[in-house]
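Coordinates in review
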Amino acid sequence: MRIAVLGTGGIGGYFGGRLAASGHDVAFVARGPHLEAIREHGLVVTSVAGNFTVEPAHVTDDVASIGVVDVVLLAVKTWQLPPVLESLPSLVGPGTSVVTTQNGVEAPDQVAAVVGRDAVLPGIAKIFAFIDGPGRITHAGGPASLAFDEWSAGPGSASDRVTRLREAVTASGAVSPVPDDIWAELWSKMLFVVPFGGLGAALDATIGELRSAPPRRALLQDAMREVETLARARGIRLPQRVVEGTMAFVDDQPSDATTSLQRDLLEGRPSELDAWTGAVVRLAGESGVDVPLHRMLLEVLTSRHPGALLG
């Protein structure tokens, strides 16, 4: 397959690198020193599942030069989407699939507004990976899974293009699980990361500090229940005991874990606050659901970090 990877960071570099190493024609989009290093030395991936280098690597900073592809792996952060969406139509033909991997639940709609819903495969990546210097990606752990499906897929069904791409991801050495309901998966992840990220940033606390202090643990659970109530109001079929299951997952995580949102806010970098807490507040307003904890967290974090929503 011809594949374009928009965003050659932890997600795009790892999964795109695996697909390129297994023989697919993958074009990576990168900028600056990262682009130059990949051109000169290839894309170097250090992984707990085995190291590899894609060399030579097809890399460019000109999306329009790539042409129409079979698959677009959209692996930029949510705040990077607007300029990327402007260039996306040049890659999309009648049979192109655009796989979204952004945190939150709004990216598939944002992409569909540009290329049409039929082109979009809502997706979710689960991996601990990051850029470890120009031209280098480190995969530190996690399931290294990339799940995706048709927008309105029913349980147990799969289109030919979804099956083909899942087989390609699996053959590359990564994992591509079959979701029962991709929207329930996206909202389940949101129910975990948004309360954890918002409270962690507001309290400057690790996951261990949030879960071990009873008042903070109660706040975390209450924030999760707000997301659950919102999701159900929007027709999302979450598991019956999704908060209890998510708290059990919280209790299994390394005690020093923090979210990218927390790290970005505290270090003054562009953040996904608008796509996380901002989205909960925004969608709650549309759905007539009250989310007082998330409204408070959004006010605290935007006041404490001026310009946080401008990312």
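Everything below is about the structure printed above this text.
Residues numbered from 1 in each chain as written. Predicted model: local features only at pLDDT ≥ 70, side-chain atom pairs only at ≥ 80, totals over all residues. Heavy atoms only, no water.

A closer look at the packing of helix H8 (residues 214-233) against helix H12 (residues 292-304)
With their axes 8 Å apart at the nearest point, H8 and H12 run at an angle of 110° to one another. As far as their axial angle goes, H12 and H8 are roughly perpendicular. Across the interface between the two elements, Leu219, Asp222, Ala223, Glu226 and Val227 from H8 touch Pro292, Leu293 and His294 from H12. Residue classes in the contact of H8 with H12 are distributed as 5 nonpolar, 1 polar and 2 charged. (Axes fitted to C-alpha atoms, helices over the stretch in contact; angles between N-to-C directions. Helix = DSSP H or I, 4+ residues; strand = E, 2+ residues; numbered from the N terminus. Parallel < 35°, antiparallel > 145°, perpendicular 65-115°, else oblique. Contact = heavy atoms within 4.5 Å. Nonpolar A, V, L, I, M, F, W, Y, C, P; charged D, E, K, R; others polar.)

Re the nonpolar core
Within the largest apolar cluster, 72 residues are counted, with the highest numbers of intra-cluster contacts made by Leu6, Leu74, Leu88, Leu91 and Trp187. Of the residues forming this core, the biggest block, 14 residues, is contributed by helix H6 (residues 182-203). Excluding anything up to four places from it in sequence, Leu91 contacts Ala4, Leu6, Val63, Ile66, Gly67, Val68, Val69, Val72 and Thr96. Phe28, Ala30, Val99 and Ala168 belong to the second-largest nonpolar core, a separate cluster that totals 33 residues. (Core = buried A, V, L, I, M, F, W, Y, C linked by side-chain atoms within 4.5 Å. Buried < 20%, exposed > 50% of the residue type's maximum accessible area, 1.4 Å probe, protein only.)

With respect to the pairing of strand S6 (residues 71-74)
Of the two faces of S6, the one holding Val71 and Leu73 and the one holding Val72 and Leu74 are both buried throughout. In the sheet, strand S1 (residues 2-6) pairs with S6 via 4 bridges, with the strands oriented parallel. Bridged to Ile3 within S6 is Val71. Direction of pairing for S6 relative to strand S7 (residues 97-100): parallel, over a ladder of 4 bridges. When the bridges of S7 are listed, Val71 appears paired with Ser97. Chirality of the crossover, the property in question, places the unit of S6, helix H3 (residues 81-87) and S7 among those that are right-handed. (Pairing = 2+ DSSP bridges. Right-handed = clockwise from strand over helix to strand, strands pointing away.)

Topic: the sheet that holds strand S8 (residues 120-121)
Read across the sheet, 6 strands follow the order S5-S2-S1-S6-S7-S8 without closing on themselves; strand pairing throughout is parallel. Since the sheet does not close on itself, it has two edges, and those belong to strand S5 (58-60) and S8, each with one partner. Pairing analysis gives 5 bridges linking S1 to strand S2 (residues 25-29), with the strands arranged parallel. Residue pairing for S2: Val5 is matched across the bridge by Phe28. In the packing of helix H1 (residues 10-21) onto the sheet, contacts are made with S1, S2 and S6, and the angle to S2 comes to roughly 155°.

Describing the sheet that holds strand S3 (residues 43-47)
Read across the open sheet, the 4 strands follow the order S4-S3-S10-S9; overall the sheet is mixed. Edge strands, defined here as strands with exactly one partner in the open sheet, are strand S4 (52-54) and strand S9 (123-131). The sheet shows a mean angle of 35° between the axes of neighbouring strands, direction not considered. The sheet contact formed by S3 and S4 spans 3 bridges and is antiparallel. By the bridge assignment, Leu43 is partnered in S4 with Val54. Packing of H6 onto the sheet brings it into contact with S9 and strand S10 (136-148), and relative to S9 it is tilted by some 45°.

By themselves these figures say nothing about function.
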